[in-house]
Amino acid sequence: MTKTKKVKRDASKPFNDLPILPPKIELETVAVLKQLANSALALGELNGMAKTLPNPLILLNAVILQEAGASSEIENIITTQDHLYQALNSSLTADPATKEVLGYREALLGGFNFIKEKEFISINAIVEIQALLEKNSAGLRKLPGTTLTNTSTGKVIYMPPDNHSRILELMKNLEDYLNIDNDDISPLIKLAVQHCQFESIHPFYDGNGRTGRIINILYLILKGYLDLPILYLSRFIIAHKADYYRLLHEVWKDNAWEEWIIFILKGIEVTAKDTQQQILSINVLFRKLEDKIKSTNAKGYNKELLELLFEQPYSKVDYVSKRLNVSRLTATKYLQNLVQLGILELKPVWKENLYINKDLLQILKA
Ligand SMILES: Nc1ncnc2c1ncn2[C@@H]1O[C@H](COP(=O)(O)OP(=O)(O)OP(=O)(O)O)[C@@H](O)[C@H]1O
Ligand SMILES: [Mg+2]
């Protein structure tokens, strides 16, 4: 095994000299391969376990909302999970912070549908994701002046390339790296590499962090590790933001790929294991509620209704009536029955009644 050789670069002058991919050093070091085995295992187990859920959409909605909420948190947008879920299920207009988060959801789902259909991640798809996210069509940067700074000292620590044609060239190179696998490197290692490269190209005026984190999830789906975007990897990145920034910096400064790759791989392992626990808890809760309804009012048990209440922890009469094809009156009766059993909590929000699956919310927020 070749030892990782670090090549010093001057990070204060990276104008247009960001190297194209692949990195010209050995990426598969012993330490990387050790971590890779654990990450791949945890991810495989997660994907299998997701199939044991009564309905995988349960996790999908929850993870998307968490991903959206937490991802925007890096930008210090304060949006509680409650606001998010409510905004999704209420016809009331959301506040600006919630709207931003819902934009993230739209961007992630838009990207997901794109790769499901096309089976590759194109520059155009990335531009589209960022446009959905930021709600503007500025596209790839054309003007110079974008810098990455240390937020506490204000010191410029990195200057991404700012020549438009160079940005295009680097994006094309990234697109090839994402889609063409003739290098025999594990896609999980490539995920770490492409994420660093994307943030280093920093192709947009804003939203590079969030767009990059969406690409990460889409890449796992593209490479067959996940069927649905159910890995909430941003949580790890956000929780370890200082390390995340420091390690990016070390790649720019010292070509220190090994530490960066291990960090991202570790994130995959930790997050996959957390999500596995969530799935176990969701399954236990589902069965518990099922038993509770059956033992008190077997006739009132409706599997589809219970599944809906897991897909939408904040539900309402409309949803139930449409999904089960019953009248609003019947839907209200169903929901009220579950309130009486202590399974749902009724929360009036202005003119609407939201019915909350509170035990599920506890699991999803954990
Ligand atoms: N000081 C820094 N050191 C390392 N990376 C940085 C630094 N500042 C920014 N970045 C990178 O740029 C991203 C932020 O870029 P940008 O503001 O365009 O995206 P965003 O989506 O608005 O922000 P965020 O990632 O904070 O949600 C970070 O997620 C990180 O990848
Ligand atoms: Mg920003």
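Refer to the structure printed above.
Rules and cut-offs
- Residues numbered from 1 in each chain as written.
- Chains lettered and ligands numbered in written order.
- Predicted model: local features only at pLDDT ≥ 70, side-chain atom pairs only at ≥ 80, totals over all residues.
- Helix = DSSP H or I, 4+ residues; strand = E, 2+ residues; numbered from the N terminus.
- Buried ≥ 20, exposed ≤ 12 C-beta atoms within 10 Å, placed from the backbone.
- Contact = placed C-beta atoms within 7 Å.
- Core = buried A, V, L, I, M, F, W, Y, C linked by C-beta atoms within 7 Å.
- Domains from an automatic or database assignment.
- Axes fitted to C-alpha atoms, helices over the stretch in contact; angles between N-to-C directions.
- Parallel < 35°, antiparallel > 145°, perpendicular 65-115°, else oblique.
- Left-handed = near helix turned anticlockwise from the far one by under 90°.
- Nonpolar A, V, L, I, M, F, W, Y, C, P; charged D, E, K, R; others polar.
- Pairing = 2+ DSSP bridges.

A word on the overall build of the protein. Along the backbone of the protein there are 15 helices and five strands. A buried classification covers 39% of the 366 residues belonging to the protein. Residue pairs at least 24 apart in sequence account for 71% of intrachain contacts in the protein once pairs closer than 6 positions are excluded.

Structurally, Leu-168 can be placed in helix H6 (residues 164-179). For Leu-168, a count of 14 C-beta atoms within 10 Å translates into the label partly exposed. Between the alpha carbons of Leu-168 and Leu-140 there is a distance of 8.0 Å; along the sequence they are 28 residues apart.

Below, the discussion takes up the nonpolar core. Burial of nonpolar side chains together is a common tendency in soluble globular proteins. One finds Ala-192, Leu-231, Trp-260 and Ile-261 to be the most contacted residues of the largest nonpolar core, which totals 87 residues. If you tally residues by element for this core, the top one is helix H11 (residues 257-297), at 13 residues. The residues that make up this core include at least three from each of domain 1 (30-272) and domain 2 (302-365).

The angle between the axes and the distance between the axes are what describe a pair of packed helices. It is the contact of H6 with helix H7 (residues 187-201), at a shortest axis distance of 11 Å, that shows an interaxial angle of 165°. Put simply, H6 runs roughly antiparallel to H7. Viewed along their axes, H6 and H7 form a crossing whose handedness is left-handed. Contacts between H6 and H7 involve Ile-167, Leu-170, Met-171, Leu-174, Tyr-177 and Leu-178 on the former and, on the latter, Lys-190, Gln-194, Gln-197, Phe-198 and Ile-201. Across the contact of H6 with H7, the residue classes break down as eight nonpolar, two polar and one charged.

We now examine the sheet that holds strand S4 (residues 345-349). With respect to topology, three strands assemble into an open sheet ordered S3-S5-S4, the strand pairing being antiparallel. The sheet terminates laterally at strand S3 (314-315) and S4, the two strands that pair on one side only. Of the strand pairs in this sheet, S3 and strand S5 (residues 352-356) are connected by two bridges, and their pairing is antiparallel. Directly across from Tyr-314, in S5, lies its bridge partner Ile-356.

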